[in-house]
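# Summary of structural features
Chain by chain, the residues run as shown.
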Amino acid sequence: MNFGESVKEEIFGKNIKDEHCKKAFLAGLVRGNGVLFESESGDYGPYVQSRRAHIYHVVAKKLVEEGLAYPCFCTEEELGALRDRQEAAGTHIKGYFGEWAACRNLTFDEQEEKIKSGAPYVLRLRSTGDENRKFTFDDQVRGKIEMPENITDAVLLKTDGIPTYHFAHACDDHFMRVTHVIRGDEWIASVPLHLALFRACGFRPVKYAHVAPVMKEDEETGGKRKLSKRKDPEAAVSYFVEEGFPKEAVLEYLLTLINSNFEDWRRANPDASLFDFPFSFKKMSQSGALFDLVKLRDVSKNVISRMDGATVTQYTLEWAQRFDPDFYAICAQDEDYLRQVLSIDRGTAKPRKDIAVWSQVQDSVSYLFDTLYTPDYTLPENISGADAAEILRAYAAVYDAADDKDAWFQKIKDLCAPLGYTPNVKEYKKNPDAYRGHVGDVSTVIRIALTGRRNTPDLHAIMGVLGEEKVRARLADAIAFYEK
């Protein structure tokens, strides 16, 4: 897959200036005029090709009238024989052109006779190109590119009257007011033909930006290869939807691939809209960006960390309703409680970054839901079960749900000395033999008792969400476990 295939090739808009097109390009990542399921929206429809047949036929008739197109009656067998003759002759250009174009010079009477006899035909361009002449066009990504003129009499309309991609490209982009076409670099070879078609039709040509394909590390060879629709699930948009990547994260990551300076800009503008980014075609890679799923997850963690609890809750519910109905049923019972859970450690100087995709939310917060919580009382090696029980009994005696964070942590620190721990981590590191541990060990025991985990977001906030009754019940269960 290349970037041109993963977003809309055509950027729509009336009389778009070049500078405005940059933002239109970014907008094309998330929206575009055209077909949406069975309905259409936009100013330049119809967008379904079969509904535009009359447009192509009008342009085709004009080309015929001007002598720039003609019917070709060659059969597949005749075209195959033509290729064989060209191979035998060693022609450096293969195709239907010049002396090899058998129907190019048919008279009007000959054409009329064949059509009246019912002979099937296609409509071809009558090329005016010269193989000895070259032209230069300005690619928005690669700069000036010199190429030989097109000399082939390309098919415009097939025998059923349906246009080829090449002809439809020229017609559609003209009548839909397209200014820039962003597509994969495999289409560079078609530029001579496409510009010839724009010129023959009397249309103002679009500006082209040819982008390199997105690459992927090949585990079998150790090299790189194009991202494949057949081999790689991440080549499909549905993969990111099902995994639960927020669209904002995917867009952020794509911009890191598109422009090399995006990450520096994001660091300098952490809260800015990505549409404020000064996108430039000239900063797009010509060699092909490497798709890195690990980096995408890191980007996604950062994006989600900047969201508030209400936004995370909404996205979680939307994802779970589609892809995890059991989890959705649990969350939907009390959406306000879910919002409290997902608001922990958000909006702070150092927000939590434990969620990269919505499919991770359940595991991330399971200890806060009774139906999902499974106690795990595994302790660090330096703390015994008896020590843990002693710490928890002491803490249960001073626990007060009304304590603010400072008072809560001070009580934990005050427990340390009587239990043989130091409230000062640096002091413990200086003289570890003088203490059973430090305040971090004491808080870890409490954390494990309440959540079954050694690492969580802010424990004081977690206890506030759990509530006093549940906190005391979990402390009691942990003490009973360690006292066995």
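Within each chain, residues carry numbers counting from 1 in the order of the written sequence. The predicted origin of the model limits local features to residues at a pLDDT of at least 70 and limits the giving and counting of side-chain atom pairs to 80 or more, whereas totals for whole chains, interfaces and linings rest on all residues. Neither water nor hydrogens contribute to the side-chain values; these are computed over all heavy atoms in the structure.

## What to know about the overall build of the protein chain
Along its length, the protein chain carries 21 helices and 13 strands. In terms of overall size, the protein chain is more extended than a compact globule, its C-alpha atoms giving a radius of gyration of 33 Å where 484 residues would be expected to give roughly 23 Å. Referenced to the eigenvectors of the C-alpha coordinate spread, the extents of the protein chain come out at roughly 110 × 45 × 40 Å. Each residue is placed in one exposure class: buried if its accessible area under a 1.4 Å probe, protein chains only, is under 20% of its type's maximum, exposed if it is over 50%, and partly exposed if it falls in between. Here the protein chain, with 484 residues, has 47% of them falling under the buried criterion. When the accessible area of the protein chain is evaluated, it comes to approximately 25,400 Å², of which 50% is carbon and sulfur surface. His is not counted, nor are the chain ends, whereas Lys and Arg count as positive and Asp and Glu as negative. The atoms used to mark charge sites are NZ of Lys, CZ of Arg, CG of Asp and CD of Glu. Of the side chains in the protein chain, 65 bear a positive and 76 a negative charge, and the two mean positions are spaced by 4 Å. The way it works is that DSSP assigns letters per residue, a run of H or I at least four long becomes a helix, a run of E at least two long becomes a strand, and they are numbered from the N terminus. In this treatment the radius of gyration is a C-alpha quantity, and the globule benchmark scales as 2.2 Å times the residue count to the 0.38 power. Note on areas: Shrake-Rupley with a 1.4 Å probe; residue coverage comes only from the protein chains shown.

## Observations regarding the pairing of strand β6 (residues 143-148)
Judged from the six bridges that link them, strand β5 (residues 134-139) and β6 form a sheet pairing that is antiparallel. The residue of β6 that forms the bridge with Asp139 is Gly143. Where β5 hands over to β6, the hairpin turn is made up of three residues, counted between the paired strands. Should DSSP find at least two bridges between two strands, the strands are regarded as paired.

## Overview of the nonpolar core
Among the nonpolar cores identified, the biggest contains 87 residues, and Leu368, Phe369, Leu392, Tyr395 and Tyr482 are the most heavily contacted of them. No other element matches helix α9 (residues 247-258), which puts eight residues into this core. Contacts are assigned to residue pairs that have any heavy atoms within 4.5 Å of one another. Every residue in contact with Tyr482, bar those within four places of it in the chain, is listed here: Tyr377, Leu379, Gly385, Ala388, Ala389, Leu392 and Ile448. The nonpolar core is taken to be a set of buried Ala, Val, Leu, Ile, Met, Phe, Trp, Tyr and Cys residues, with the residues joined through side-chain atoms within 4.5 Å. Listed in part, the 35 residues of the second largest apolar core include Ile188, Leu195, Phe198 and Val206.

## Focus: helix α19 (residues 439-451)
An expected span of 1.5 Å times one less than the residue number is assigned to each helix. The end-to-end C-alpha separation of α19 is 18 Å, in line with the 18 Å expected for 13 residues at 1.5 Å each. Within α19, twelve of the 13 residues are buried, leaving the element largely enclosed by the surrounding structure. Taken residue by residue, α19 has Val439, Asp441, Val442, Ser443, Thr444, Val445, Ile446, Arg447, Ile448, Ala449, Leu450 and Thr451 as its buried positions. Positive phi shows up at Gly452, right after α19, with a value of about 75°.

## Comments concerning the confidence of the model for the protein chain
Residues shown with low pLDDT carry predicted positions that ought not to be read at fine detail. When pLDDT is averaged across the protein chain, the result is 90; 92% of the residues are at 70 or more. The quantity called pLDDT is the predictor's confidence in a given residue, expressed from 0 to 100. Counting contacts from residues 1-33, a segment whose pLDDT is below 50, to residues more than four positions away or on other chains yields 82 contacts.

## A closer look at unusual backbone geometry
Leaving glycine out, the prevailing phi sign among residues is negative, and the prevailing peptide bond configuration is trans. Between Gly45 and Pro46 the backbone carries a cis peptide bond, its omega angle lying at 0°. Within the element layout of this structure, Pro46 appears in the loop between β2 (39-41) and α3 (53-65). The phi dihedral of Arg177 is positive, around 60°, even though this residue is not glycine. With respect to the secondary-structure elements, Arg177 resides in the loop between α6 (165-175) and β8 (180-184). The residue Asp345 is not glycine, and still its phi comes out positive at about 60°. Following the sequence through the fold, Asp345 ends up in the loop between α14 (335-342) and α15 (361-365).

## Things to note about the sheet that holds strand β4 (residues 122-125)
Across the sheet, which stays open at both edges, the three strands sit in the order β3-β4-β7 with antiparallel pairing between neighbours. The open sheet has two free edges, formed respectively by β3 (69-72) and β7 (155-157), since each of these has just one partner strand. Averaged over all adjacent pairs, the angle separating strand axes in this sheet is 45°, with direction ignored. With four bridges joining them, β3 and β4 adopt antiparallel strand pairing. Axis definition: a line fit to C-alpha positions, over the contact stretch in the case of helices; interaxial angles, taken between N-to-C directions, run 0 to 180 degrees.

## What to know about the packing of aromatic side chains
Working definition: rings of Phe, Tyr and Trp (its six-membered ring) pair if their centres are within 6.5 Å, and the pair is stacked with planes under 30 degrees apart, edge-to-face with planes over 60 apart, and tilted otherwise. Counting across every chain of the model gives 21 aromatic pairs. An angle of 65° between the planes, with centres 5.9 Å apart, marks the rings of Phe240 and Phe245 as edge-to-face. Phe245 matches Phe240 in its accessibility class, with the two residues each being buried. The structure contains a cluster of three or more aromatic residues connected by ring pairs, namely Tyr239, Phe240, Phe245, Tyr253 and Phe291. Any Lys NZ or Arg CZ found within 6 Å of a ring centre and within 35 degrees of that ring's normal is scored as a charge over the ring. Just above the ring of Phe73 sits the side chain of Lys114; from NZ or CZ to the centre is 5.7 Å. For Arg124, the ring lying beneath its charged end belongs to Tyr96, and the centroid distance is 3.8 Å.

## So, the environment of Lys295
Mapped onto the elements of the fold, Lys295 is located in helix α11 (residues 293-305). A residue is classified by how much of its surface remains accessible, and Lys295, at 28% relative accessible area, is partly exposed. For the pair Lys295 and Asp336, spaced 41 residues apart in sequence, the C-alpha separation works out to 32 Å. The contacts of Lys295, once residues within four sequence positions are left out, are Tyr253, Thr256 and Glu263.

## Focus: the state of the cysteines
Cysteine sulfur pairs qualify as disulfides if the two atoms are within 2.5 Å. Within this structure, the stated rule accounts for zero disulfides. Considering cysteine sulfurs only, Cys171 is the nearest to Cys201, which forms no disulfide, with 5.2 Å between them.

## Re the pattern of salt bridges
Between Lys or Arg on one side and Asp or Glu on the other, a salt bridge is scored when a side-chain nitrogen of the former is within 4 Å of a carboxyl oxygen of the latter. Tallying each qualifying case throughout the model produces 28 salt bridges. Measuring nitrogen to oxygen at the nearest pair gives 2.7 Å for the salt bridge that ties Lys216 to Glu234. Of this pair, Lys216 sits in strand β10 (residues 215-217) while Glu234 sits in the loop between β11 (224-226) and α8 (237-243), and the two are 18 residues apart along the sequence. Taken individually, Lys216 and Glu234 each receive the classification buried, so the pair is uniform in this respect. Put simply, Glu248 and Lys247 hold a salt bridge, and the shortest N to O gap is 3.9 Å. Residue Glu248 is classed as partly exposed on the basis of its relative accessible area, which comes to 25%. Connected through salt bridges with shared partners, the residues Lys216, Asp218, Arg225, Asp232 and Glu234 form a single ionic network.

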